[in-house]
There are 2 protein chains.
Amino acid sequence: MTADTIREPLTRSSEDYLKAIFHLTQGGEAAGTTDLAQALDLAPASVSGMIKRLSEQGLLAHEPYRGVKLTAEGRRIALRMLRRHRVIESYLVARLDYSWDTVHDEAERLEHAVSDVLVERMAAALGNPLVDPHGDPIPGANGEMLELAHVPLSEVAVGDAVVVRRVDSADAARLRYIADAGLVPGTAVTVVDRQPFRGPMTVRAPSGERIVGHDLAALLLCSRGPR
Amino acid sequence: MTADTIREPLTRSSEDYLKAIFHLTQGGEAAGTTDLAQALDLAPASVSGMIKRLSEQGLLAHEPYRGVKLTAEGRRIALRMLRRHRVIESYLVARLDYSWDTVHDEAERLEHAVSDVLVERMAAALGNPLVDPHGDPIPGANGEMLELAHVPLSEVAVGDAVVVRRVDSADAARLRYIADAGLVPGTAVTVVDRQPFRGPMTVRAPSGERIVGHDLAALLLCSRGPR
DNA sequence: ATCAACACTTAGGATAAACTAAATTACCTG
DNA sequence: CAGGTAATTTAGTTTATCCTAAGTGTTGAT
């Protein structure tokens with residue numbers, strides 16, 4: 001009986017915290033207050049306060065001085081936000097002429113304002129896509145998400161041929177650079193050379209040979225097969 | 001030099017106040033605190049407080065105990081919100097299968113979140129429409145608005161033929177009723193009979209003869225000519 | 001001309017979310 | 001294992017927006 005509390009609608013801030021925590025805990029580790037503060041561009045003390053509120057609402061599991069993880073409910077909400085964000089990005093790019101480097105900020109605001117109905121209409125209009133324009137998987141309406149075994153380009157061996165599937169960045173300038181270099185998702189590339197010690201690598205792409213720095217290569221997630 | 005202050009972005013609340021004041025002052029009269037409170041579903045005291053803040057920001061002209069009007073700047077912002085709202089409604093109906101009775105609430109939230117770029121993209125995608133699905137004129141990007149000489153159906157004389165152009169209501173149930181009665185904008189109707197003392201009237205529409213109450217007829221704005 | 005009713009404003013308080021400054025805890029290093 | 005550093009939390013303040021309660025202004029009816 002006490003199980004399903006009547007949940008009052010979350011604030012924008014709360015939604016942003018949950019999203020950020022979701023991202024930070026992708027690796028399985030709890031998210032630290034400072035990391036969260038950095039991700040959200042807030043003072044650590046502000047984050048401590050919000051962590052307390054969200055924990056009281058049952059959305060976070062907080063071990064003081066140890067960090068936070070999402071509860072099942074918190075995770076459900078985070079995935080809903082992620083779905084919204086990625087469906088919106090997909091729709092804006094496909095139907096309203098947005099480019100993949102400018103679409104993030106718009107989606108960041110809209111994701112807090114759209115209704116579930118609108119998200120589903122947009123998804124349906126696009127044929128329920130499984131990935132967004134950056135190659136990121138779009139969680140389903142029930143929270144299930146395609147999990148793909150991608151390898152960062154920075155870890156592909158010399159001689160190997162892979163396909164760029166996903167670009168792990170929201171930075172507009174970086175995304176434009178990647179597009180200009182002809183390394184968008186779907187591009188087949190072969191590693192020609194790799195320098196050690198996080199040095200640059202050389203890849204052959206349809207657009208020609210490119211020298212790619214290690215940090216950038218680490219953001220280009222690739223697959224060997226057709227997916 | 002002091003003329004153009006750097007204006008920090010308005011809050012959602014402020015935008016809603018400006019919109020409501022715009023509507024209430026359409027007739028030329030100043031808007032009273034109580035009317036505003038009713039329109040926004042807030043306590044009058046809260047409205048007094050916000051009026052003070054918005055006046056200090058130069059968006060309202062407030063005569064204590066006499067009501068408020070918009071300044072030029074306040075009006076500019078209100079028209080921008082109105083454009084957003086009506087462009088969004090138009091887009092959702094045209095492209096995402098919304099019906100005219102459900103679209104209002106969605107637009108009400110989105111109008112605070114969309115960028116100018118997105119609004120213009122949506123408008124362009126629809127060929128820059130001049131009216132929204134309810135027949136309300138959409139202000140231009142520069143604030144100019146088509147002003148049409150419409151007559152409420154409730155004031156059309158017996159025997160006269162007019163075309164419904166605009167429905168002045170945001171209430172979903174009422175809008176559904178109007179659609180069911182076949183009286184959406186664009187419909188040609190002839191007044192067959194009118195009862196006095198705000199009584200019902202009978203009109204002939206393509207869908208058949210309809211008896212329309214006075215209050216509803218007052219919401220159906222009509223024109224005689226092609227517009 | 002007064003006063004009751006209503007409209008409006010002021011005063012004071014609550015909540016959410018941010019901040020800074022100060023205190024506390026954890027952990028690594030020597 | 002003591003101490004220092006970095007991470008975290010607590011305490012107290014600020015801003016925006018709402019509230020209720022109380023006080024003030026306006027006005028129409030007698």
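For clarity, every value in this text was computed on a predicted model and none was experimentally measured.

Undergrad: Would you mind going over the overall build of chain A with me for this structure?
TA: Regarding its fold elements, chain A presents eight helices and eight strands. Taken over the C-alpha trace, chain A has a radius of gyration of 19 Å; the compact-globule value for 227 residues is 17 Å, and the two agree within 12%. Overall, chain A is about 60 × 45 × 30 Å in size when its C-alpha atoms are taken along their principal axes. Across chain A, the fraction of contacts at a sequence separation of at least 24, relative to all contacts at a separation of at least 6, is 61%. By element, 52% of the accessible surface of chain A is carried by carbon and sulfur atoms, the whole surface being about 11800 Å². Treating the 26 positive side-chain charges of chain A as one cloud and the 31 negative ones as another, the clouds have centres 2 Å apart.

Undergrad: Would you mind showing me how to read helix 5 (residues 103-110) of chain B here?
TA: Structural remark: α-helix, 3.6 residues per turn; residues separated by three or four positions point the same way. Within the span of helix 5 of chain B, buried status applies to Val103(B), Glu106(B), Ala107(B) and Leu110(B). For helix 5 of chain B, the buried positions fall inside an angular range of 95 degrees around the axis, keeping them on one side.

Undergrad: What am I meant to see in the sheet that holds strand 8 (residues 220-223) of chain B here?
TA: What the six strands build is an open sheet, ordered 3-8-4-5-6-7 (chain B); its pairing is antiparallel. This sheet does not close on itself; its edge strands, each paired only once, are strand 3 (151-152) and strand 7 (208-212) of chain B.

Undergrad: Would you take a moment to explain the pattern of salt bridges for this structure?
TA: Proximity of charged atoms lets side chains of opposite charge pair with each other. In the structure shown here, the tally under the stated rule is 26 salt bridges over all chains. Measuring nitrogen to oxygen at the nearest pair gives 3.9 Å for the salt bridge that ties Glu209(A) to Arg204(A).

Undergrad: Whenever I open this one, the environment of Arg95(B) confuses me. Can you help?
TA: Residues and elements named next belong to chain B. Relative to the helices and strands, Arg 95 resides in helix 4 (residues 72-95). Distance from Arg 95 to Pro 64, taken between C-alpha atoms, is 46 Å for residues 31 residues apart in sequence. In terms of polar contacts, Arg 95 uses its side chain to reach the backbone carbonyl oxygen of Ala 125, at 3.3 Å.

Undergrad: Would you mind going over the interface of chain B and chain A with me for this structure?
TA: One frequent convention defines the size of an interface as the accessible area lost when the parts assemble. Counting residues at the interface gives 18 residues for chain B and 18 residues for chain A. Each partner contributes to the roughly 1400 Å² buried at the junction of chain B and chain A, and carbon and sulfur atoms together form 57% of this total. At the boundary of chain B with chain A, the tally comes to zero salt bridges. Counting across the chain B and chain A interface gives 11 residue pairs in polar contact (both at pLDDT 80 or more). A total of five residues in the side of chain B that touches chain A trace back to one element, the largest contributor, which is helix 6 (residues 116-125) of chain B. When the residues that make up the side of chain B that touches chain A are grouped by side-chain class, the tally is 11 nonpolar, one polar and six charged.

Undergrad: What is the right way to read the packing of aromatic side chains from this model?
TA: Remark: the centre distance and the inter-plane angle together describe each pair of aromatic rings, the angle taken between the planes. Summed over the entire model, instances satisfying the criterion amount to zero aromatic pairs over all chains. It is Arg121(A) that lies over the ring of Tyr98(B); its NZ or CZ is 5.0 Å from the centre.

Undergrad: How should I be thinking about the protein's contact with DNA strand C in this particular structure?
TA: Thr11(A), Ser46(A), Arg53(A), Thr34(B) and His62(B) are the nearest of the 21 residues found near DNA strand C. Take Thr34(B): an N or O atom from its side chain is 2.5 Å from a phosphate oxygen of DNA strand C. Within the contact set of DNA strand C, a phosphate oxygen lies 2.6 Å away from a side-chain nitrogen or oxygen of His62(B). Class assignment for the residues of the surface near DNA strand C results in 10 nonpolar, eight polar and three charged.

Undergrad: What is the right way to read the domain arrangement of chain A from this model?
TA: Domain boundaries in chain A define domain 1 (12-70) and domain 2 (151-223). Taking only C-alpha atoms, the centre of domain 1 of chain A and the centre of domain 2 of chain A are 32 Å apart.

Undergrad: So what exactly am I meant to see when it comes to the packing of helix 1 (residues 12-24) of chain A against helix 2 (residues 33-40) of chain A here?
TA: Two numbers describe a pair of packed helices, the interaxial angle and the distance between the axes. Residue and element names in this part refer to chain A. Orientation of helix 1 relative to helix 2, taken along the N-to-C sense of each, is 120 degrees, at an axis distance of 10 Å. By the angle between their directions, the pair helix 1 and helix 2 is classed as oblique. As for how helix 1 packs across helix 2, the hand of that crossing is right-handed. Contacts between helix 1 and helix 2 involve Asp 16, Tyr 17, Ala 20, Ile 21 and Leu 24 from the first element and Asp 35, Leu 36, Ala 39 and Leu 40 from the second.

The rules behind the values
- Residues numbered from 1 in each chain as written.
- Chains lettered and ligands numbered in written order.
- Predicted model: local features only at pLDDT ≥ 70, side-chain atom pairs only at ≥ 80, totals over all residues.
- Heavy atoms only, no water.
- Helix = DSSP H or I, 4+ residues; strand = E, 2+ residues; numbered from the N terminus.
- Rg over C-alpha atoms; globule rule 2.2 N^0.38 Å.
- Contact = heavy atoms within 4.5 Å.
- Areas by Shrake-Rupley, 256 points an atom, 1.4 Å probe, with all protein chains shown as cover.
- Lys, Arg positive; Asp, Glu negative; His and termini not counted.
- Charge placed at Lys NZ, Arg CZ, Asp CG, Glu CD.
- Buried < 20%, exposed > 50% of the residue type's maximum accessible area, 1.4 Å probe, protein only.
- Arc of directions from axis to C-beta.
- Pairing = 2+ DSSP bridges.
- Salt bridge = Lys/Arg side-chain N within 4 Å of Asp/Glu carboxyl O.
- Polar contact = N/O pair within 3.5 Å; in protein donor to acceptor, adjacent residues only side chain to side chain.
- Buried area = accessible area lost by both parts, 1.4 Å probe.
- Nonpolar A, V, L, I, M, F, W, Y, C, P; charged D, E, K, R; others polar.
- Phe/Tyr/Trp six-rings, centres within 6.5 Å; stacked < 30°, edge-to-face > 60°.
- Lys NZ or Arg CZ within 6 Å of the ring centre and 35° of its normal.
- Near = heavy atom within 4 Å.
- Domains from an automatic or database assignment.
- Axes fitted to C-alpha atoms, helices over the stretch in contact; angles between N-to-C directions.
- Parallel < 35°, antiparallel > 145°, perpendicular 65-115°, else oblique.
- Left-handed = near helix turned anticlockwise from the far one by under 90°.

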